[in-house]
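Listed here are the chains, written in short residue letters.
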Amino acid sequence: MTTPRRRRTGDTMEQARTVLLSSRAASHHVWQASQFELEDVVAAVDDVHLLAPPGRAVSPAGLALHGAANRARRAVGRPRRRPIAATTEAIDAELFFAVFAAPHEIGMLPLVGPQLARSAVKVAFIVELWRPQVPSVADYLRQLRGFDHVFLFNRWAMDDVAALTGAQVSYLATAVDADRFAPRSPAPARVIDVMSYGRRLGPTHEALRRASAAGELFYHYDTVRGAFDVADHVEHREVLASTLQRSRYSIVYRNNDEPERVERTGGEESLTNRYFEVLAAGATMLGSAAQTPDFEACFDWPDAIVPIAAPDPRVADVVAELDADPARLERARRTAIAQSLRRHDWAHRWRQVLDTAGIAPRPQLAERLAHLERRAAAVEGAPTATGAGPGGAARP
């Protein structure tokens, strides 16, 4: 393993052996918040220099010109680019790690060429890519030629990406900052009966709205749809974790239960972030399991998910039936939190990245994993309380 390099920043010396390329200074979309959370955990468990080129201020007319320029580049076989500022900033790095929410973010690479040239091992993680998308983003994927390894959240696209990039390609499940999402002791009271966020199905949603209006339960759900930005990704993740920690149930449907998604995915399934978020926070998950062996491998304990129809107009009755067995709910909650702390923190995924790249972990990684194990053991050893989560108060 090479010795970590030193980079002068003003009057300070910063050690870094890993350069982490991030989009956080260029865009702040809600779906990127989990991606930035991954980056934050990596920065906490490794010696990281964060390379986050700022976005260029682009007017509507400038955006149209940028799009026209990208179409021209694509037509002549040149790489499309993101509207970010080019940077000559570079340090000698043992590992270059890039996190891309989607293939268009790969358009950052031509603008950070000096850093690529000074990086010994180059690894990328594409958080969302489906095979039907590949022909339209092949030019972006070819920019990964020269990378040593590419991780995907979707096994179906692995062969196509390997053919276009020449890199080794592996599956990497998403995860969560389990230390943030797992409730502390004493756990907060679960005052929200059912929480829904992101993808939802109309009849299930309407049934819960009716039950809420009738005073049968408290239903918390999104009221904003479409693309939007978050003010700060850490605040967004903190609020999501806090809300889930106070929720008894959460609705999570697989990707293709939403009919309009099938055209995008081609029927392929992978593990949505919501599976990991809900379980780490200890809410009982109602919904549908992704039809992939990865779901069974990640969530291999009883009641990791309680199946409901897609959609399910009887969902309020399902909740009432489950409430009749509080011991079952507590077992499921306790197991979900402990398993998430032991297996599904972003630090576990970073260990997989380093193992695959043949790079030794830093001591910070072992420290975080040991901390997560202590928390998992505490969850398992906490006193039980009828109707309560681990360490929490019983539901009124």
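Residues numbered from 1 in each chain as written. Predicted model: local features only at pLDDT ≥ 70, side-chain atom pairs only at ≥ 80, totals over all residues. Heavy atoms only, no water.

(A) How the structure looks around the packing of aromatic side chains. Inspection of every chain in the model, using the stated rule, returns 9 aromatic pairs. Measuring from centroid to centroid gives 6.1 Å for Phe 96 and Phe 147, while their planes differ by 80°, and the two rings are edge-to-face. Separated by 51 residues along the polypeptide, Phe 96 in strand 5 (residues 93–100) and Phe 147 in the loop between helix 4 (138–142) and strand 7 (149–152) bring together distant segments of the chain. Each member of the pair, Phe 96 together with Phe 147, is buried. Arranged with centres 6.0 Å apart and planes meeting at 90°, the rings of Phe 299 and Trp 301 form a pair that is edge-to-face. Since its relative accessible area comes to 4%, Phe 299 is described here as buried. (Phe/Tyr/Trp six-rings, centres within 6.5 Å; stacked < 30°, edge-to-face > 60°. Helix = DSSP H or I, 4+ residues; strand = E, 2+ residues; numbered from the N terminus. Buried < 20%, exposed > 50% of the residue type's maximum accessible area, 1.4 Å probe, protein only.)

(B) Representation of the environment of Ala 16. Here Ala 16 lies in strand 2 (residues 12–16). Classification of Ala 16 as buried rests on a relative accessible area of 2%.

(C) Just the pairing of strand 12 (residues 284–287), in detail. Alternating residues of strand 12 divide into Thr 284 and Leu 286 and Met 285 and Gly 287, and every residue in both groups is buried. Here strand 11 (residues 247–252) pairs with strand 12 via 4 bridges, running parallel. When the bridges of strand 12 are listed, Tyr 249 appears paired with Thr 284. Here strand 12 runs beside strand 13 (residues 306–307); their pairing, made up of 2 bridges, is parallel. When the bridges of strand 13 are listed, Gly 287 appears paired with Pro 307. Of the crossover connections in this fold, the one passing from strand 12 over helix 11 (residues 293–298) to the parallel strand 13 is right-handed. (Pairing = 2+ DSSP bridges. Right-handed = clockwise from strand over helix to strand, strands pointing away.)

(D) Structural context of helix 1 (residues 33–45). The first and last C-alpha atoms of helix 1 sit 19 Å apart over 13 residues, in line with the 18 Å expected at 1.5 Å per residue. Of all 13 residues making up helix 1, 10 are buried, and the element is well covered by its neighbours. When helix 1 is considered as a whole, its buried residues turn out to be Ala 33, Ser 34, Gln 35, Phe 36, Glu 37, Leu 38, Glu 39, Val 41, Val 42 and Val 45. (Expected span 1.5 Å × (residues − 1).)

(E) View of the sheet that holds strand 12. With parallel pairing, 5 strands are arranged side by side in an open sheet as 10-9-11-12-13. Strands at the two margins of the open sheet, each flanked by one partner only, are strand 10 (219–221) and strand 13. Against the sheet, helix 7 (residues 202–213) makes contact with strand 9 (192–196), strand 10 and strand 11, and its axis sits at roughly 135° relative to strand 10, the strand it touches most. (Contact = heavy atoms within 4.5 Å. Axes fitted to C-alpha atoms, helices over the stretch in contact; angles between N-to-C directions.)

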